[in-house]
Amino acid sequence: MTTPIETLTAALAGRYAIQRELGQGGMATVYLAHDDKHDRSVAVKVLRPELASAIGADRFLQEIRVTANLQHPNILPLFDSGEAGGFLYYVMPYVEGESLRQRIDRERQLPIDEAIELARDVAGALQHAHDAGVVHRDIKPENVLLRDGRAVVTDFGIALAAAQANTRLTDTGLSLGTPAYMSPEQATADRELTAATDQYALATVVYELLAGDPPFTGSNAQAVIAKILTSTPTPLHAVRPTVPARVSGAIARALEKTPTDRYESVRAFGDALKSGSTGPRPTAAVGQRFSKAWLAAATVAVIAIGTVLRSLGGGNGAATLSSDYVAIFPFDYQGDPSRAFVGSGIVELMSRAIDGVGPLRTVDPAAIRAQLAQEGQDAGDPILGRTISEEMGAGRYVVGSIVQSGADRVLITATAYDATTGEERGRANAEGHHDSLQVVVNELALQLADAFGISGVPLDLNVVATASPEALSAFLRGTVAFGEGRYSDAVDVYVEAVRTDPEFALAWFRLANAMTWSENPGIPGALDSAVRFQDRLSERDRRFTLALKAWEDGRPDDIRRHTQAILDRNPEDWGGLWEQANNEVHFGPLFGWSTDGLKERWDRILTLAPSDVEGRDHLAWTASRRDDHTTVARALREYLELSPDNDNAPAARITLAAIDGDSAAIEAELTAIASDAGGELVNTSVDLQRYYGDPHLQQRVAALARESQHATHWRGQAAQRFGALAVAQGHLTEARQAFAEAAAINAEVDTLGAFWSDLRYALLATMPFASPPVGTLDSMRQQLATAEPPRTPGGPATAFDAAQRYALGVMAAYAGERDVALRYADDLEALPDSLMKPHPRDLARRVRGHLATAEDRPDDVIRELETLAADGHTYIEGGWFTWRAAERLLLARALEAVGRDGDALRWYETVSAGNDDVAYKAPSHFYRGEIYERLGDHERALDHYGRFLAIWRDPDPEFAPLVEDVRDRMTRLVEGR
């Protein structure tokens, strides 16, 4: 019987002399042959018969012509192709080196720099192919050959031809691609494959080169694919700590599940690997801790991050370089150590002197300092400056030095560079007295403007706005202290600055920011002083000052207006980007703002500096609102690497374990925190809501805090939270018991606390699908109506007055007592707005909204609720019912009822933002499922119905018909696919 190699030898006789088999793959068998015509060794690849049959000779020969035109030093060229003796084959050079697979098998892990250079070789080859419209589709170590230390990509010949016949491959038992290196879209075959698929596969290969294994492994192909679709890879530098964090981050981004979340091209991925490898090797991660009080109350400190002097971090690729965007780095200082702060602080002066000169804009000094801190540097240099400027999108940058010349004089030299080419573009130098630092900087600014080609435009040389050398010195020392996280010290020296010059507007503003980060009281009313002297600020600083004031006053629309003005001036202003995104995270749900694009903005923001803890917290919070667990996991892993002992770390670790399906890790973490103080346990439950919206897991933590050894106050808080989480799962009977327990516990120490527990119980009347029994509702109404919390006789209206009328009005609405509900609304309108928060008039509109809901008047619901004034100030203060979760759900239902499905979906999405939203999350998924089912989007309908059932796993028996109905809907949708 004739063997395949004998048949092939006979078929190719006279052209290629088959010598021996080199190996077999999933698609082809490779033979070493001699090219008789050209007297050279070649590799002949012969397609497996079943693949050849699926493709067909004509299609194979037609498509392979495309790959024959790929000419690149890192692509193995195609010599020949054809059909002979029933075989489809193609011919390539014979490379005597080894494949990347053989190298990995021998060494397991490659040196970091070598692995990155090989990856860049492959990226260059793939980019060339992508530019020609060719996607490889099967990048793996076996298809990368090593020749003279360089990587050469092979098998483009099979890839394109087989892809054109992909619909027939399943009949042969074949699939294009190797499971461990398949992208999610390739594994599911749910979309046309693009260049992003090759990028994902290359990232997988690089991960394996550095870690020794691909990011996902398993006992069989199905297990691997399941992990690719559902799991997040372990960060590379957690597997191999010597891998730079930026390299690890670049690979993580290229491994994103969604193609559009990866780099815009494989070339950009290769560049990111190269850029990431040039920094110092990581040591122990150090992160900035921040207090639980900041998280719980969302104090005005948050805006300080976006406006001034906070380190940001992440990875989203560099911006396009703009020659009008200038990065000015801290100067190297040589002189009296007691004045070393001048080297770092001078960037504040230089940046403000240059910013706004003609078209010039400058990178915020805080971002520059954060980047340098990540690199372990405190001053700029030409090489590092270029790398950082490219990441910032700055087309020009300035580095310099300060040399002490005599006891009280300094010589300052500055050099301007082109970030695109790295070439020097001009120099400036000036000398002066220590006490005339502003004059020296002004002279440098004039010379630099000339070097930048800016003439005839006046420079504002007094943008820092102090004539006092002492005040300026204190201001610069405060800036350095703040940048180093010494917030109390910063407050002290900023106080020194404003006491020396009481009209020093920028120092007042910085003082206000520093006070929010420290328990140092500073000077009350510092922000008001900054606002009073705002005319002494640059336009950018003035906008940030007003945005901070708007935050303090709870005016989100004004925050948005001021930050947008900053971004209109400079779209790459990271402070403006941070503040705008931060505003939308905190206040967006109250306004119904969509989160479209918010994740991408956080990624861009985090690119600007690599060490921000808060930014990653906010990215995780943003992603969790859309149940984007992949992004949540990425953000929290980086968060823990930066700050492993942070107050939020237990919630972060529990979330990661839940996303990974690691029940043992969850149990271990719960055991570890079980003995924590009650307040810490309650806060961990709250943090879990921000990261992972599973009420079952949150309730387990709340249950730990209910234990008797904890303080009474915290047991009451825990019982109250336990009740809210029971509501979220459809366990209303359990919720009523928990709220009653909370009221009894709280009554021991605080009758007002008991009232709030009773109020939560009563407001079960607002729950969709069910409400308390009529008798119970009447009893609660009577209890609330006669409640007498402590108050000062004859004192002003309090939150109790408004909350009591609000709750009684809502319950009257659902009891069908229209006149009673309206009377309570009128009573609320009569309360003075200026004396309390939330505004009583807003609560009055909410009562009327509930009444319109009970009476099935959707247009009136919309009229009352859609334009409610968002009471941001109360939100900052943490008032639990000011989130308006129930009203947001009612508004979405009304919008749906009048046919405004898009607006309804946007509002339903907001019902996953706050801690008390958790009770309404399952209903919001149910209603979204209904909308998508009606619109014919069965995949999204199934997704939301599935999320509903995941939350309502075993609700009270009264909800059984609803749950069964949802299951029936899902069955119909699946059968109708």
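Basis of the calculations
- Residues numbered from 1 in each chain as written.
- Predicted model: local features only at pLDDT ≥ 70, side-chain atom pairs only at ≥ 80, totals over all residues.
- Heavy atoms only, no water.
- Helix = DSSP H or I, 4+ residues; strand = E, 2+ residues; numbered from the N terminus.
- Buried < 20%, exposed > 50% of the residue type's maximum accessible area, 1.4 Å probe, protein only.
- Contact = heavy atoms within 4.5 Å.
- Areas by Shrake-Rupley, 256 points an atom, 1.4 Å probe, with all protein chains shown as cover.
- Phe/Tyr/Trp six-rings, centres within 6.5 Å; stacked < 30°, edge-to-face > 60°.
- pLDDT = per-residue confidence, 0-100.
- Axes fitted to C-alpha atoms, helices over the stretch in contact; angles between N-to-C directions.
- Parallel < 35°, antiparallel > 145°, perpendicular 65-115°, else oblique.
- Left-handed = near helix turned anticlockwise from the far one by under 90°.
- Pairing = 2+ DSSP bridges.
- Salt bridge = Lys/Arg side-chain N within 4 Å of Asp/Glu carboxyl O.

## Details of the overall build of the protein
Part 1 of the argument: When its secondary structure is counted, the protein shows 47 helices and 13 strands.
Part 2 of the argument: Within the span of the protein, comprising 977 residues, buried residues form 60% of the whole.
Part 3 of the argument: Of all intrachain contacts in the protein linking residues separated by at least 6 positions in sequence, the fraction that spans at least 24 positions is 64%.
Part 4 of the argument: For the protein, the exposed surface amounts to about 36900 Å²; the carbon and sulfur share of it is 49%.

## Some points on the packing of aromatic side chains
Part 1 of the argument: The tally for this structure, following the rule as stated, stands at 16 aromatic pairs.
Part 2 of the argument: Considering the side-chain rings of Phe475 and Phe504, the 5.4 Å spacing of their centres and the 40° angle between planes classify their relative orientation as tilted. Pair noted here: Phe475 is in helix 20 (residues 469-483) and Phe504 is in the loop between helix 21 (487-500) and helix 22 (505-516), with a separation of 29 residues, a long-range link.
Part 3 of the argument: Look at Phe504 and you get buried, because its relative accessible area is 0%.

## Points about the confidence of the model for the protein
One rule of thumb: low pLDDT means the predicted coordinates there are not for detailed reading.
Part 1 of the argument: Looking at the protein as a whole, the pLDDT averages 81, with 85% of positions reaching at least 70.
Part 2 of the argument: Within the model, pLDDT remains below 50 along residues 792-797, and this stretch shows six contacts once partners closer than five positions in the same chain are excluded.

## Let's talk about the packing of helix 24 (residues 539-553) against helix 26 (residues 574-591)
Part 1 of the argument: In contact at an axis separation of 12 Å, helix 24 and helix 26 are set at 15° when each is read in the N-to-C sense. On the basis of the axis angle, helix 24 is roughly parallel to helix 26. Considering the relative orientation of helix 24 and helix 26, their crossing is left-handed. Counting all contacts with helix 24, which are made through Arg540, Phe544 and Trp551, the residues of helix 26 involved are Gly575, Gly576, Glu579, Asn582, Asn583, His586 and Phe587.

## What to know about unusual backbone geometry
Part 1 of the argument: Positive phi outside glycine occurs at Arg137, with the angle close to 80°.
Part 2 of the argument: With respect to the helices and strands, the residue Arg137 is situated in the loop between helix 5 (112-131) and strand 6 (144-147).

## Overview of the sheet that holds strand 3 (residues 40-47)
Part 1 of the argument: Pairing is antiparallel across the open sheet formed by five strands, whose spatial order is 1-2-3-5-4. Of all strands in the sheet, those with a lone pairing partner are strand 1 (16-24) and strand 4 (80-84), marking the two edges. Between one strand axis and the next, the sheet turns by 30° as a mean value, whatever way the strands run.
Part 2 of the argument: Seen against the sheet, helix 1 (residues 4-11) touches strand 1, strand 2 (28-35), strand 3, strand 4 and strand 5 (87-93) and runs at an angle of roughly 145° to strand 1.

## A closer look at the pattern of salt bridges
Part 1 of the argument: Going through the model one piece at a time under the given rule, you end up with 77 salt bridges.
Part 2 of the argument: A salt bridge links Glu185 to Arg262; the nearest nitrogen and oxygen atoms lie 2.8 Å apart. Here Glu185, found in helix 8 (residues 184-188), pairs with Arg262, found in the loop between helix 12 (245-254) and helix 13 (266-277); they are 77 residues apart in sequence, far enough to count as distant.
Part 3 of the argument: With a relative accessible area of 2%, Glu185 lands in the buried category.

## With respect to the side chain of Thr154
Part 1 of the argument: Here Thr154 shows up in the loop between strand 7 (150-153) and helix 6 (156-164).
Part 2 of the argument: If we skip the residues at most four places from it in the chain, Thr154 touches Lys45, Leu76, Met92, His136, Asn143 and Leu145.

## Comments concerning the pairing of strand 6
Walk down a regular strand and you will see the side chains alternate between the two sheet faces.
Part 1 of the argument: As defined by bridge partners, strand 6 adjoins strand 7 across four bridges and the pair is classed as antiparallel. Residue pairing across strands places Arg147 opposite Arg150, the latter belonging to strand 7.
Part 2 of the argument: Linkage of strand 6 to strand 7, two consecutive antiparallel strands, is achieved through a turn of two residues, within which Asp148 is found at a positive phi near 55°.

## Describing the pairing of strand 3
Part 1 of the argument: When you tally the buried positions in strand 3, you get six out of eight residues, the bulk of the element.
Part 2 of the argument: Bridging between strand 2 and strand 3 involves eight bridges; their strand directions are antiparallel. The residue of strand 3 that forms the bridge with Thr29 is Val46.
Part 3 of the argument: Adjacent in sequence and paired antiparallel, strand 2 and strand 3 are bridged by four residues, among which Asp39 carries a positive phi angle near 50°.
Part 4 of the argument: Strand direction decides the pairing type here: strand 3 and strand 5, joined by five bridges, are antiparallel.

## Section: the environment of Ile112
Part 1 of the argument: For Ile112, the location among the structural elements is in helix 5.
Part 2 of the argument: Accessibility expressed as a relative area gives 7% for Ile112, which makes it buried.
Part 3 of the argument: Remark: the alpha-carbon pair of Ile112 and Thr242, spanning 130 residues in sequence, is separated by 8.4 Å.

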